[in-house]
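Residue-level listing of the chains:
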Amino acid sequence: MDTLKKETLKAAGVDVENALERFMGKEDFLERMLKKFAADTNYAKLAEAVGKKDPESALQASHTLKGMCGNLSITSLIPLFTRQVELLRAEEYEEAYGMMEEISRTYDQVQKAVDALSE
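Counting starts from 1 at the beginning of each chain's written sequence and moves along it residue by residue. Local features are withheld for residues below a pLDDT of 70 in this predicted model, meaning they are given only at 70 or higher, and side-chain atom pairs are given and counted only at 80 or more; totals for whole chains, interfaces and linings count all residues. Water and hydrogen atoms play no part in the side-chain values, which are based on all heavy atoms of the structure.

- Going by the annotation in an unreviewed UniProt entry, the name recorded for the chain is Hpt domain-containing protein, with Candidatus Anaerobutyricum stercoripullorum given as the source organism.

Some words on the environment of Asp54
Now for step 1: Position of Asp54 among the secondary structure elements: in the loop between helix 4 (42-52) and helix 5 (55-72).
Now for step 2: Note: C-alpha distance between Asp54 and Tyr93 (39 residues apart in sequence) is 9.1 Å.
Now for step 3: Pairs of residues are marked as contacts when any of their non-hydrogen atoms sit within 4.5 Å. If we ignore the near neighbours within four places in the chain, the residues touching Asp54 are Ala49 and Tyr97. The helix and strand labels rest on DSSP assignments: H or I over at least four residues marks a helix, E over at least two residues marks a strand, and numbering proceeds from the N terminus.

Points about the UniProt feature "domain: HPt" (unreviewed entry) in the chain
Now for step 1: Following the UniProt record, the feature "domain: HPt" (unreviewed entry) maps to residues 40-112 here.
Now for step 2: Taken as a whole, residues 40-112 contains 82% helix and 0% strand, while its terminal C-alpha atoms sit 14 Å from one another. UniProt positions are given in the numbering used here, feature names are shortened, and annotations may be inferred rather than shown by experiment.

Details of the pattern of salt bridges
Now for step 1: Any Lys or Arg side-chain nitrogen located within 4 Å of an Asp or Glu carboxyl oxygen qualifies as a salt bridge. A complete count under the given rule lists nine salt bridges for this structure.
Now for step 2: Here Glu27 and Lys6 are joined by a salt bridge, their closest N and O atoms 2.9 Å apart. Taken together, the residues Glu27 in helix 3 (residues 27-39) and Lys6 in helix 1 (residues 3-11) connect sequence positions 21 residues apart.
Now for step 3: Relative accessibility thresholds used throughout: buried, under 20% of the residue-type maximum; exposed, over 50%; partly exposed, between the two (1.4 Å probe, protein chains only). On the basis of relative accessible area, Lys6 is assigned to the partly exposed category, the value being 22%.

Structural data, given as structure tokens:
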């Protein structure tokens, strides 16, 4: 992974150094896992659940995304999903659903950075 790709990921909120520690310095493995994150369907499931106002499905998808972001050191999304999970568990559904604009904007930035890995 070249310096430009690392900087692009960092700018999108990925703690590349921490992630590489988790992956024992294996940059190719980190890239593969980030691409799997980008291809994962849980974000679409979350958006659909929020659109349908289905708190149980939203909680499941948001919680899964929180864990994935933690494992991949996507620090820009971890606090957003953590907060959304907390709100859903507290049955503060409208506030949890209202977070989707910020989550979507941040998720799109990460998605673009991960897509740039293939260029």
